[in-house]
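Analysis of the macromolecular model
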Amino acid sequence: MLVDGFGRNVTYLRVSVTERCNFRCQYCMPEKPFSWVPKENLLNFEELFLFIKVAIDEGITKIRITGGEPLLRTDLDKFIAMINNHKSGLDLALTTNGFLLKDAAQKLKDAGLQRVNISLDSLKPDVAGKMAQKDVLAKVQAGIEEALRVGLKVKINMVPIKGINADEVLDVLEYAKARGMSIRFIEYMENTHAKEQLKGLSGQEVQEMIAQKYHFKEIGRVGPSPAHLFEFDDGYIFGIIDPHKHDFCEDCNRIRLTAEGMLIPCLYFDEAMSIKDAVHKGDVAGAAEILKEVLRNKPEKNKWSDDDQNETSSRAFYETGG
């Protein structure tokens, strides 16, 4: 069992396999040039897997593959199969922008992937193009449909930004609902890599928009998930993730590993330790000790508060699956 310095049981590992992305979303890295960390600086799948085995053997039960855009990494399905074959019963998931998913969905499902979270910020081609700075909507929707066809459980993520896509909250919700997909509205997280002067909808504003058409009740959080859940009269459930709150920090169960081998105790914090040397050497004991040290240093809560929301992260979320 993995327990941090505040007594929280850590069972969830998010693994970023690449910082590369084929989108330039305004809330993430709109000005990032197409220059990247050299491939030789990244951990190969065998090295990532060495650490993942350590984490699983110590108590990790849920693994999410992220990026950047993870489907840009060649043979991702083989990596997922390595993890799936190590231990049965793991919760294996993927976060993607969906652009390359149509051709990959069946292979991912066959490898053992169970669930996929897909970013969908607009149902209007021009707005989606403005958000991602690329013509993306048709291929993303094709990826969604293929994921559903092959039997993957699909969850939609939407970041509503005022003046861009905030007027589509109901449209995207109804698109997800009609296809049996859950949806999470994620408040924009201020960071130095995003386009300046963006302003996201608050969770309360999202609720008010939905309440104009639907009656729903609040369920609250379930377990360590950061999402506050709400249920329609017909049983459909949607969620809102508000990073300015600390309540989900109280039972946070996750840590993050970057493609370069940095083990991060909290998405928002810049503190991290490298496992690169340990896995290069095949030092299982050393990797396990680094894992325990990172857990000892895991912060109690993030730096935001309801009273002071001017805190801005320097963390590049595209490196950590933020």
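Report follows, based on the coordinates.

Criteria and thresholds
- Residues numbered from 1 in each chain as written.
- Predicted model: local features only at pLDDT ≥ 70, side-chain atom pairs only at ≥ 80, totals over all residues.
- Heavy atoms only, no water.
- Helix = DSSP H or I, 4+ residues; strand = E, 2+ residues; numbered from the N terminus.
- Contact = heavy atoms within 4.5 Å.
- Areas by Shrake-Rupley, 256 points an atom, 1.4 Å probe, with all protein chains shown as cover.
- Pairing = 2+ DSSP bridges.
- Axes fitted to C-alpha atoms, helices over the stretch in contact; angles between N-to-C directions.
- Buried < 20%, exposed > 50% of the residue type's maximum accessible area, 1.4 Å probe, protein only.
- Lys, Arg positive; Asp, Glu negative; His and termini not counted.
- Salt bridge = Lys/Arg side-chain N within 4 Å of Asp/Glu carboxyl O.
- Polar contact = N/O pair within 3.5 Å; in protein donor to acceptor, adjacent residues only side chain to side chain.
- Phe/Tyr/Trp six-rings, centres within 6.5 Å; stacked < 30°, edge-to-face > 60°.
- Lys NZ or Arg CZ within 6 Å of the ring centre and 35° of its normal.

1. Side note on the overall build of the protein chain
Along its length, the protein chain carries ten helices and twelve strands. Taking contacts inside the protein chain between residues at least 6 apart in sequence as the whole, the part at least 24 apart equals 72%. Carbon and sulfur atoms provide 48% of the accessible area of the protein chain, an area that totals close to 14,100 Å².

2. Thoughts on the sheet that holds strand β3 (residues 91-96)
Sheet architecture is open: twelve strands sit in the order β7-β8-β9-β6-β5-β4-β3-β2-β1-β10-β11-β12, paired in mixed fashion. The open sheet has two edge strands with one neighbour each: β7 (216-220) and β12 (273-274). Each of β5 (153-158), β6 (182-186), β8 (227-232) and β9 (237-241) touches helix α6 (residues 169-178); the most contacted strand, β6, lies at about 155° to it.

3. Considering the side chain of Lys276
Looking at where Lys276 falls in the secondary structure, it is placed in helix α8 (residues 276-280). Glu260 provides the closest opposite charge to the buried, unpaired Lys276, separated from it by 4.7 Å. Of the polar contacts made by the side chain of Lys276, one reaches the backbone oxygen of Asn41; its length is 2.7 Å. Aside from chain neighbours lying at most four places away, what touches Lys276 is Asn41, Leu43, Glu260 and Gly261.

4. Considerations on the pairing of strand β10 (residues 254-257)
Of the two faces of β10, the one lined by Arg254 and Arg256 and the one lined by Ile255 and Leu257 are each fully buried. In this sheet, β10 lies alongside strand β1 (residues 12-16) in parallel orientation, the contact comprising four bridges. Its bridge partner lying in β10, Tyr12 is registered against Arg254. Pairing of β10 with strand β11 (residues 262-264) involves two bridges; the strand directions are antiparallel. Its bridge partner lying in β11, Arg256 is registered against Ile264. Taking the residues between adjacent antiparallel strands as the criterion, β10 and β11 are bridged by four residues, where Gly261 takes a positive phi near 95°.

5. Looking at the packing of aromatic side chains
With the rule as written, the count across this model stands at ten aromatic pairs. An angle of 10° between the planes, with centres 4.5 Å apart, marks the rings of Phe45 and Phe79 as stacked. Of the two residues, Phe45 is situated in helix α1 (residues 45-58) and Phe79 in helix α2 (residues 76-86); the sequence distance between them amounts to 34 residues. Seen from their ring centres, Tyr214 and Phe232 are 4.6 Å apart, and the 10° between their planes marks the pair as stacked. Of this pair, Tyr214 sits in the loop between α7 (203-211) and β7 while Phe232 sits in strand β8, and the two are 18 residues apart along the sequence. Classification of Tyr214 as partly exposed rests on a relative accessible area of 22%. For Phe232, a relative accessible area of 3% gives the class buried. The rings of Phe185, Tyr214, Phe216, Phe230, Phe232, Tyr236 and Phe238 are connected pair by pair, giving a single aromatic cluster. Of note, Lys139 hangs over the ring of Phe99, and the distance from its end group to the ring centre comes to 4.4 Å.

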